[in-house]
Amino acid sequence: MVTKFFYTSEIYKDKAQDIANFLGMSACSGPIKNDRAHLVFGESGLSFFHPEARAKNPFNLDFQTGSSGWRLKRADHEKLIKKALGKSDKPLKILDCTAGLIQDSLLFLTLGHHVTAIEQSKILFLLLQDAVNRSKETHNELFKNFSLIHGNACSFVQNADDFDVIYYDPMYPPSKKSALGSGQLEYLSKILEVEQISNEPQMDFEVLQLMPVNKMIVKRPIKAEPFNPSINYQVSGKTTRFDVYI
Ligand SMILES: C[S@@+](CC[C@H](N)C(=O)[O-])C[C@H]1O[C@@H](n2cnc3c(N)ncnc32)[C@H](O)[C@@H]1O
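The residue numbers shown here count from 1 along each chain, following its written sequence. Per-residue local features of the predicted model are confined to residues with pLDDT of at least 70, and side-chain atom pairs are confined, for both listing and counting, to 80 or more; whole-chain, interface and lining totals are unaffected and use all residues.

### What to know about helix α5 (residues 122–143)
- Helix and strand definitions here come from DSSP, where helices need a minimum of 4 consecutive H or I residues and strands a minimum of 2 consecutive E residues; each element is numbered from the N-terminal end. Helix span, as expected, comes to 1.5 Å for every residue beyond the first. An ideal rise of 1.5 Å per residue puts 32 Å on 22 residues; α5 reaches only 20 Å between its terminal C-alpha atoms.
- If you look at α5, its biggest bend is around 100 degrees, right at Glu137.
- To sort residues by burial, count the other C-beta atoms lying within 10 Å of each one's C-beta; a count of 20 or more means buried, 12 or fewer means exposed, and anything in between means partly exposed. C-beta atoms are built from the backbone. When we look at burial in α5, the residues that qualify are Ile123, Leu124, Leu126, Leu127, Leu128, Ala131, Val132 and Ser135.
- We call two residues in contact whenever the C-beta atoms placed from their backbones are within 7 Å. Those residues of α5 that are buried lie in contact with α1 (13–22), β3 (38–42), β4 (45–49), β6 (114–119), β7 (146–150) and α6 (183–194). The term bend refers to the angle at a residue between two fitted axes, each drawn through seven residues, those ending there and those starting there.

Next comes the structure, spelled out in structure tokens:
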């Protein structure tokens, strides 16, 4: 687990302690030491630091710059996701079982859909919640149809009868070339490592597939075996594939 939770100034003490309570921790003032993984709450909101991450700055999510940034960068990805979702006259209710950095949830939201995203990591959930709250000041419209839940999506099967689509994007198996492709992904892995969270995607898939929805979309590396061969259709990009089960 993270060893310390710091706040950068007395004005952040109460808010920092509120957040730390969720992790069963006490927030303390500095000096901040960078030799251990830690969380810090201050002027940029909540950040996570890991001494072994290549990025030397603490990891902090910021969706305020995202509306142009991440969307433009992911135009191809957006085309694939649109194809996988298919046409719909009305906004879809999507359950994103693997919130992660909510990049895919953000795409669904910008396409006009309603999204509930689930994240199993407490730290990532807190980082997301903090970033979403900060963004609501400037991007309230984008997040008005968004809810974030902490937990394992597999425990949610009983409550999933209100969704049209479930989306599942488990962590890719580590590969020499791409596992550390982006600093953000490396931080995501470090967070899961610190919390000692590991998944069996095949087993999770089998549980999630029991959810009574019209469509399940599963994101896979292009060459990976499907979790279940009875795919209804596939949408493939250069490195990624969406397997769609109806
Ligand atoms: C590859 S990332 C998802 C990236 C995400 N689609 C995005 O656009 O940023 C996988 C994330 O899903 C979470 N996760 C994996 N299995 C889960 C499960 N069964 N329930 C909840 N969260 C899960 C992991 O903790 C990790 O944060």
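### What to know about the site of the ligand
- Around the ligand there are 22 residues in total, and Thr98, Gly100, Leu101, Gln103 and Asp104 lie nearest to it.
- Elements that contribute at least two residues to the shell around the ligand include exactly α4 (103–110), β6 and α6.
- Each residue is assigned to one of three groups, with Ala, Val, Leu, Ile, Met, Phe, Trp, Tyr, Cys and Pro labelled nonpolar, Asp, Glu, Lys and Arg labelled charged, and all others, Gly among them, labelled polar. Looking at the shell around the ligand, its residues break down into eleven nonpolar, seven polar and four charged. Any residue qualifies as near a molecule or strand once its backbone-derived C-beta atom lies within 6 Å of it.

### Comments concerning the nonpolar core
- Core analysis: the biggest nonpolar cluster contains 59 residues, and Leu127 and Ile166 have the highest contact counts within it.
- The element that contributes the greatest number of residues to this core is α5, accounting for seven residues.
- For each domain, the first and last residues come from an automatic or database assignment. Lining this core are residues from two domains, each supplying at least three of them: domain 1 (4–43) and domain 2 (69–245).
- Beyond its immediate chain neighbours, meaning those up to four positions away, Leu127 contacts Leu46, Phe48 and Leu61. Think of a nonpolar core as buried Ala, Val, Leu, Ile, Met, Phe, Trp, Tyr and Cys residues chained together by C-beta atoms that fall within 7 Å.

### Some thoughts on the pairing of strand β5 (residues 93–96)
- DSSP calls a pair of strands paired once it identifies at least 2 bridges connecting them. Direction of pairing for β5 relative to β6: parallel, over a ladder of four bridges. Residue pairing across strands places Ile94 opposite Val115, the latter belonging to β6.
- Here, the term right-handed applies to a crossover whose path from the first strand over the helix to the second runs clockwise when the strands point away from the viewer. Regarding topology, α4 serves as the crossover connection from β5 to the parallel β6, and that connection is right-handed.
- When β5 meets strand β8 (residues 165–168), the two strands line up parallel, connected through three bridges. Looking across to β8, one finds that Asp96 is bridged to Tyr167.

### A few points about the environment of Phe156
- Residue placement: Phe156 occurs in the loop between β7 and β8.
- Here Phe156 falls in the partly exposed class, since 19 other C-beta atoms lie within 10 Å of it.
- Residues Phe156 and Lys13, spaced 143 residues apart in sequence, show a C-alpha to C-alpha distance of 34 Å.
- In contact with Phe156, not counting residues within four places along its chain, are Ile118 and Gly151.

### Some points on the sheet that holds β8
- Pairing within the open sheet is mixed, and its seven strands lie in the order β7-β6-β5-β8-β9-β11-β10. Of all the strands in the sheet, the pair left with one neighbour each is β7 and β10 (233–236). Each strand of the sheet is rotated relative to its neighbour by a mean of 20 degrees, with strand direction disregarded. Structural elements are reduced to axes, namely lines fitted to C-alpha atoms, with helices fitted over the stretch in contact, and the angle between N-to-C directions of any two is expressed from 0 to 180 degrees.

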